[in-house]
Amino acid sequence: MKLRALHLTNVRKFTGKRASITGIGDGITVVSEANEFGKSTFFDAIHALFFEKYSATGRAVKSLQPYAGGAVEIAAEVETDAGHFRIEKRFLSRKAARIARLPEGTTLAQDDEAERWIAALLGTGREGPAGLLWVRQGLVGLEPDSPKEKSQLMETRRDLLSSVAGEIDAMTGGRRMDRVMRRVTDRLAPILTKTGRKTGPWKAALDEIETLECTLAGLNAQVATLDQALVDRKQAEASLKRLDDVDAKARRDASLAAAKAALEKARAHAGAVTAARQARDLAALTAKGAQSDLDSFLSALEALQTAEKREAQSTAALADAADEATRQKSALDRAQRHLKTTIDTATGARRALDAARRQSAARAAQTEAARLDTQIADAEAALGNRDAARAVMRASPATAEWLRRAEQAQDAVAKLEAAAQTRATTLSMAYAGATRITRNGTDLPADRPVTLDGETRLELPGIGTMTIRPQNMDEAGKAQLAKAKAARDALFSEAGAATLQDSRALAATRSEATAATDLAQAILDTLAPDGIEVLRAAKADADLAAAGAHGDALPPIAELEARVSEAEQAQEAAQRLLDGADTDHARARDALMKAQATAEAAQHALDRARTDAGPPEIRESRRAELLRSQAMADEALTTADAALETLIAAAPDMQTAAAELQRAEDAVTAVRSERAQVAERLAALLSEIRTHAGNGIEERRDEAAGQLDAARAIEAGFARQAAALTRLKAALEAERDAARETYFGPVQEELKPLLSILHGDAALRFDGENLLPAGLTRDHAEEALEDLSGGTKEQIAILTRLAFARLFARQDRHIPIILDDALVYSDDSRIIRMFTALTRVAQDQQILVFSCRQLAFQDLGGARPAVEVADV
């Protein structure tokens, strides 16, 4: 079977539209569109068309229905050896299935017969070849998540491999091998678990061995402990004798006394060195002070000369700054007077302009007040008309609706009366003489018939009376007529009308009042949209604004504005002149303040320098005195340094003396501590030896050794039995594996050239249970399938499907391969090689690829049909 076209109507995002893919080729056909275009919708629709019954309502079918609802229609045009056909299904509404021959469109099968036609085409439906070769989006491996689908697809693989290999029993080696395998397993089960763990009597023997080994180890340890205790006792007695030697103790005591004396002597010398160092430090401080006093005096003389020069310079600069500040103050005063003059001129011009503007506004307000007065009068008239019309409306309930109901009531009465008239008994009189027949004392007329609407008694003069009982309107009809008249009269009375003509006149009057109300309201809305009170408030504001209006002539506003502009420009120029003068004055004032501060600082510096240098008459004598003091301090420092160096050179090593004392004290302490430990250890050894010697430990050890040998012999028997059975089982499994190699041979044969495109000399190992790849061997090492990367697992899954497709083709069962967004985990290099594998298989195999990776799939050849979408 080969797909040639797909048509989807009202499916998911294609609400109310028909989406079609036509021109699907023999080899590779690629539908490459952006995400959410609807590629997976096409895949799910194909799946539903071939695998879901037209009457299905499950999730797979309902998921295809758009949010707007409606029937889901799916059609595919296919080509088989028998010709071209169209497969159609309609789900969820007016459900149907149809098979038609193309191009003439002749119906071959419908509904359930059509389902059987599809099953025969695919090979038993979902578990057939298509279920194995069609890969939906997101399925990286070779099996779906559903256990049911897993089982169905495994049976499909098993049937395929068995039919190709020729004998399905080769998979297990036959029933005889199964019986042998079961017997071996039954023999192993009591002593060895399926995972290789020892159990039952073998485990019990091992546990006994472990217990005896622990017991024997403990007894051996106790014997060893006794032997060691005897050796340790002898050594402890020898150590105790050595530690109690009298001569050694005397040597230790003499060494300790000598070390203490040496340390005291070293400490006394260290005190002398400290005193000499303090004397040297005091001499150094004295020499440093003398040098500092001399340096300070010489610096003060130099600072005095500098201060005198700076004081003279700052005094001259202060005088210049004072002159400049005075000059700038005069310029500032002139600028301020000029600015005041221009401000007064500008103020007068603005006042004149403001007065003219106020007068102009007052005159405009006067005109506005007159207009508002007229508008208020018109609005009040409209208000009065509206209120009068509303009063008429309120007084009359004769609305159009009331008139309509009154007319309906009159019509009902007229109809009932007309019906009664057609059924009434009439009496016509033709008199020959002067005698008249009377009814209720009234003569019956001869010019018109008389209707008898009930029992009537007639008086016949000279004859007697006649009673006529006509069969006219029944009581129910009379009651209905009376009720209709009562309802009509009630409606008439609501508006004070007696007849329908009166009702119409009253309704016309109310309608005129309604029109008058609307007209008055429209006028009022136009004249006073916010109410008459707002107009009155506006009139009051206009009257207030017009209070100062007069008829005197006004100067031109433009002329006054020109005068104001000229005066303001003059004021701005004067302000700029004042700003400049103010800036110059501030600068001169700052310069003066800085000059004053500099002069004051120079004077203070001069005063400090004179104080530091002292009076002029004693400066030379003070210099000579400071020089003498500095020389004497240097000489005293030299003497102190020499004395300190002499003491340091003759000083004993304090650390060595302290270390010698520490060594002597530690030796005495160590001997004392060691003797106490040895004595305590000897006592413990004597107690331990007495305990072990009284328990017969060596006899108990020999008994445990005998029991352990017996237990080991029993365990060895179990081990030999398990080894023999395990070797037999391994041999049987090896034979089974050889049979499996024959079983998987055809698919491996198809896989080998495809896998070599991707991994060179790699090979796949198939699992005998689920009939799927379980491991990949490359570079002489096997990797479990679950340990491979997502991209490699995806590539192997697709290559395996290509191989299965080849096996189906061997049996003349040509089923298209359909891949929905496959190869999403493949890098650029691998995806090109996968394209090569797809192209190799596509030589005699139809492959339909849906993908959103438009750029990557440009390197895959094949047909590129467009998806056409049109309104239904």
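Just so it is clear, the model here is predicted, and its values are computed rather than measured.

With that settled, consider the overall build of the protein chain. What the protein chain contains, in helices and strands, is 19 helices and 20 strands. Taken over the C-alpha trace, the protein chain has a radius of gyration of 66 Å; the compact-globule value for 872 residues is 29 Å, which it surpasses by more than 25%. Each principal axis of the C-alpha distribution contributes one length, and for the protein chain these read about 200 × 135 × 70 Å. Out of the 872 residues belonging to the protein chain, those deemed buried represent 35%. Working note: accessible area of the protein chain is about 50,100 Å², and carbon and sulfur atoms make up 52% of it. Averaging the positions of the 117 positive and the 132 negative side-chain charges in the protein chain gives two centres separated by 5 Å.

Let us look at the sheet that holds strand β16 (residues 773–778). Ordered by their spatial adjacency, 3 strands build an open sheet running β15-β16-β17, and the pairing between neighbours is antiparallel. Taken across any chain shown, the strands that pair with only one partner, and hence form the sheet edges, are β15 (763–766) and β17 (781–784). Direction aside, neighbouring strands of the sheet carry axes that sit 30° apart on average. One ladder, built from 4 bridges, connects β16 with β17; its direction is antiparallel. Note on β17: the bridge partner recorded for Gly-775 is Ala-784. The sheet contacts of helix α17 (residues 745–759) involve β15 and β16, and relative to β15 the element is tilted by about 140°. This element, helix α18 (residues 790–810), spans β15 and β16 of the sheet and lies at about 110° to β16.

Topologically, Ser-314 is positioned in helix α8 (residues 246–395). On the basis of relative accessibility, which here comes to 4%, the residue Ser-314 falls in the buried class. Not counting the four nearest positions on each side in its chain, Ser-314 is found in contact with Thr-598, Ala-599 and Ala-602.

Under the 1.5 Å per step criterion, the end-to-end length of helix α19 (residues 828–841) is 21 Å for 14 residues, consistent within 8% with the ideal 20 Å. Arg-830, Ile-831, Met-834, Phe-835, Ala-837, Leu-838 and Val-841 are the residues of α19 that are buried. Each buried residue of α19 sits inside an arc of 160° when the element is viewed along its axis, so together they form one side. Those residues of α19 hidden inside the fold are in contact with β3 (28–32), α17, β16, α18, β18 (817–820) and β19 (847–851). N-capping of α19 is provided by Asp-827, with a side-chain oxygen placed 3.2 Å from the backbone N of Ser-829.

Below, the discussion takes up the pattern of salt bridges. One side chain can pair with another of opposite charge once the charged atoms of both are near each other. Inspection of every chain in the model, using the stated rule, returns 40 salt bridges. Arg-90 is the partner of Glu-73 in a salt bridge, and the nearest nitrogen-oxygen pair spans 2.2 Å. Of this pair, Glu-73 sits in strand β4 (residues 72–80) while Arg-90 is found in strand β5 (residues 83–91), placing the two residues 17 residues apart along the sequence. The residue Asp-543 makes a salt bridge to Lys-539 at a minimum N-O spacing of 2.7 Å. Note that Asp-543 and Lys-539 are positioned in helix α12 (residues 532–545) at a spacing of 4 residues, about one turn of the helix. What emerges from the salt-bridge pattern is a single network uniting Lys-2, Arg-4, Asp-26 and Glu-79.

Further remarks concern the pairing of strand β7 (residues 106–110). As paired elements, strand β6 (residues 96–102) and β7 share 4 bridges and run antiparallel to each other. Following the sheet pairing, Arg-101 is matched in β7 by Thr-106. From the end of β6 to the start of β7, which pair antiparallel, there are 3 residues, and Gly-105 there has a positive phi angle of about 85°.

Glancing now at the environment of Ala-724. Note on placement: Ala-724 falls in helix α16 (residues 697–743). Between the C-alpha atoms of Ala-724 and Val-184, which are 540 residues apart in sequence, the distance is 9.9 Å.

Take Lys-539: its relative accessible area is 18%, and that puts it in the buried class. In contact with Lys-539, not counting residues within four places along its chain, are Ala-369, Leu-372, Asp-373 and Ile-376.

Here Ile-99 lies in strand β6. Residues Ile-99 and Ala-312 lie 213 residues apart in sequence; the distance between their C-alpha atoms is 125 Å. In contact with Ile-99, other than residues within four places in its own chain, are Arg-86, Ile-87, Thr-106, Thr-107, Leu-108, Ala-109, Ala-114, Trp-117 and Ile-118.

Time to look at the packing of aromatic side chains. Across all of its chains, the model carries 3 aromatic pairs by this definition. Each residue in the set Phe-14, Phe-42 and Phe-850 is aromatic and connected to the rest through ring pairs, giving one cluster. Lying across the ring of Trp-202, Lys-198 places its NZ or CZ 5.1 Å from the centre. Stacked on the ring of Tyr-431, the Lys or Arg Arg-436 has its end atom at 4.2 Å from the ring centre.

The next subject is the sheet that holds strand β11 (residues 442–443). If you trace the 4 strands from one edge of the open sheet to the other, you get β11-β10-β13-β14, paired in antiparallel fashion. Lying at the two open borders of the sheet, with one neighbouring strand each, are β11 and β14 (464–468). Both strand β10 (residues 438–439) and strand β13 (residues 456–460) contribute to a ladder of 2 bridges, which runs antiparallel. Bridge pairing links Arg-439 to Leu-458 in β13.

Turning our attention to the pairing of β6. Across a regular strand the side chains alternate sides, sitting on one face of the sheet and then on the other. With 7 bridges joining them, β5 and β6 adopt antiparallel strand pairing. Of the residues in β6, the one forming a bridge with Arg-90 is Ala-96. Taken together, β5 and the strand that follows it, β6, pair antiparallel across an intervening segment of 4 residues, in which Leu-92 is found at a positive phi of about 75°.

Moving on: unusual backbone geometry. Leave glycine aside and you will find that most residues have negative phi; peptide bonds, for their part, are mostly trans. Of note, the amide linkage connecting Leu-102 to Pro-103 takes the cis form, showing an omega dihedral of 10°. By the secondary structure assignment, Pro-103 is in the loop between β6 and β7. Despite not being glycine, Asp-111 shows a phi value in the positive range, around 50°.

Right, let's talk about the confidence of the model for the protein chain for a bit. Segments scoring low in pLDDT should not have their predicted coordinates read at a detailed level. Taken residue by residue, the protein chain gives an average pLDDT of 83. The fraction at 70 or more is 91%. In the predicted structure, residues 163–175 sits below a pLDDT of 50 and forms 25 contacts with residues beyond four places in sequence or in another chain.

Reading guide: rules and limits
Residues numbered from 1 in each chain as written. Predicted model: local features only at pLDDT ≥ 70, side-chain atom pairs only at ≥ 80, totals over all residues. Heavy atoms only, no water. Helix = DSSP H or I, 4+ residues; strand = E, 2+ residues; numbered from the N terminus. Rg over C-alpha atoms; globule rule 2.2 N^0.38 Å. Buried < 20%, exposed > 50% of the residue type's maximum accessible area, 1.4 Å probe, protein only. Areas by Shrake-Rupley, 256 points an atom, 1.4 Å probe, with all protein chains shown as cover. Lys, Arg positive; Asp, Glu negative; His and termini not counted. Charge placed at Lys NZ, Arg CZ, Asp CG, Glu CD. Pairing = 2+ DSSP bridges. Axes fitted to C-alpha atoms, helices over the stretch in contact; angles between N-to-C directions. Contact = heavy atoms within 4.5 Å. Expected span 1.5 Å × (residues − 1). Arc of directions from axis to C-beta. Polar contact = N/O pair within 3.5 Å; in protein donor to acceptor, adjacent residues only side chain to side chain. Salt bridge = Lys/Arg side-chain N within 4 Å of Asp/Glu carboxyl O. Phe/Tyr/Trp six-rings, centres within 6.5 Å; stacked < 30°, edge-to-face > 60°. Lys NZ or Arg CZ within 6 Å of the ring centre and 35° of its normal. pLDDT = per-residue confidence, 0-100.

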